[in-house]
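Structure at a glance
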Amino acid sequence: RSRRRLVGGLEPFTRTEFTVYQSRPGKLPVIQDLKVLASRFDLYRDLDIFTRLTDVSRFLMQTLPPGVPEYEVHELLEALLTAILGGGRAQSLILSFYLRAFGMLGWRLDVGACATCKKLPAMAGEYEIDFSEGRMFCPTCLKDIKNSPHTRVSLDQARGLSKLILPPRLKPGIAIDPALESDIRTLIDRYLLWHTGIDSPSNPLASRAV
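Residues numbered from 1 in each chain as written. Predicted model: local features only at pLDDT ≥ 70, side-chain atom pairs only at ≥ 80, totals over all residues. Heavy atoms only, no water.

Confidence in the prediction for the protein averages 86 pLDDT; 90% of positions are at 70 or higher. Within the protein, strand E2 (residues 30-38) has the poorest average pLDDT of any element, 84, and helix H4 (residues 155-165) the best, 94. (pLDDT = per-residue confidence, 0-100. Helix = DSSP H or I, 4+ residues; strand = E, 2+ residues; numbered from the N terminus.)

The following block contains the structure:
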């Protein structure tokens, strides 16, 4: 609450530095001073992108546990917003964001290469992802999967996952075939549901098998 006009300073996805004052416990803090560090009004021009980024914020609010270094998550979110404004495909970048955030939150989905032979997805056939440990296996190494929850993915889907997680940073150039995006999002939602019990109500494909 503030009696001053703070135009643009508290808009979604705006990076702001501000000072608050609380006169006594239980009273609503009052914003005394505010400085906009990064204004991102261009993100509001596309309703689809804005909605997807709102889902990202909801994901962080639901899953961020105590003890996780906030600056790491904050910088990852900043990189996502910067990459989208830089012209990157929002859906591909957001999928890459989820995969990287899983690692920070303790549910790493290691799908850059086969967990056993360490080879990038190249062999034709069905790959499998072990949901319990978040590892991917190529057709030759499937014997290493025991009685653990897993799901099958095609070679194209395995390659798409690798493209999202192998680059060291979130940059505008990260992109996958749009035809794969919904299936990969479904896989990510199922992985999140398995490890946290949190479903994704915003995604109509959440219950569909990959």
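What follows continues from the structure just given.
With that settled, the discussion passes to the packing of aromatic side chains. We describe a pair of aromatic rings using the distance from one ring centre to the other and the angle between the two ring planes. With the rule as written, the count across this model stands at 9 aromatic pairs. Aromatic side chains Phe41 and Tyr44 sit 5.6 Å apart centroid to centroid with 90° between the ring planes, which places their arrangement in the edge-to-face category. Residues Phe97 and Tyr98 carry aromatic rings whose centres are separated by 5.9 Å and whose planes lie at 70° to one another, so their mutual orientation is edge-to-face. Residue Phe97 shares its accessibility class with Tyr98, and that shared class is buried. Pairwise contacts between aromatic rings join Phe59, Phe97, Tyr98, Phe102, Trp107, Phe131 and Tyr191 into one cluster. (Phe/Tyr/Trp six-rings, centres within 6.5 Å; stacked < 30°, edge-to-face > 60°. Buried < 20%, exposed > 50% of the residue type's maximum accessible area, 1.4 Å probe, protein only.)

Read from one edge to the other, the open sheet built from 4 strands follows the order E3-E5-E4-E6, with strand pairing classed as mixed. At either end of the open sheet lies a strand with only one pairing partner, and these are strand E3 (110-114) and strand E6 (150-153). If you compare each strand with its neighbour and ignore which way they point, the axes differ by 25° on average. As judged from the 2 bridges shared by E3 and strand E5 (residues 135-137), these two strands associate in the parallel manner. Counterpart to Asp110 in the pairing with E5 is Arg135. (Pairing = 2+ DSSP bridges. Axes fitted to C-alpha atoms, helices over the stretch in contact; angles between N-to-C directions.)

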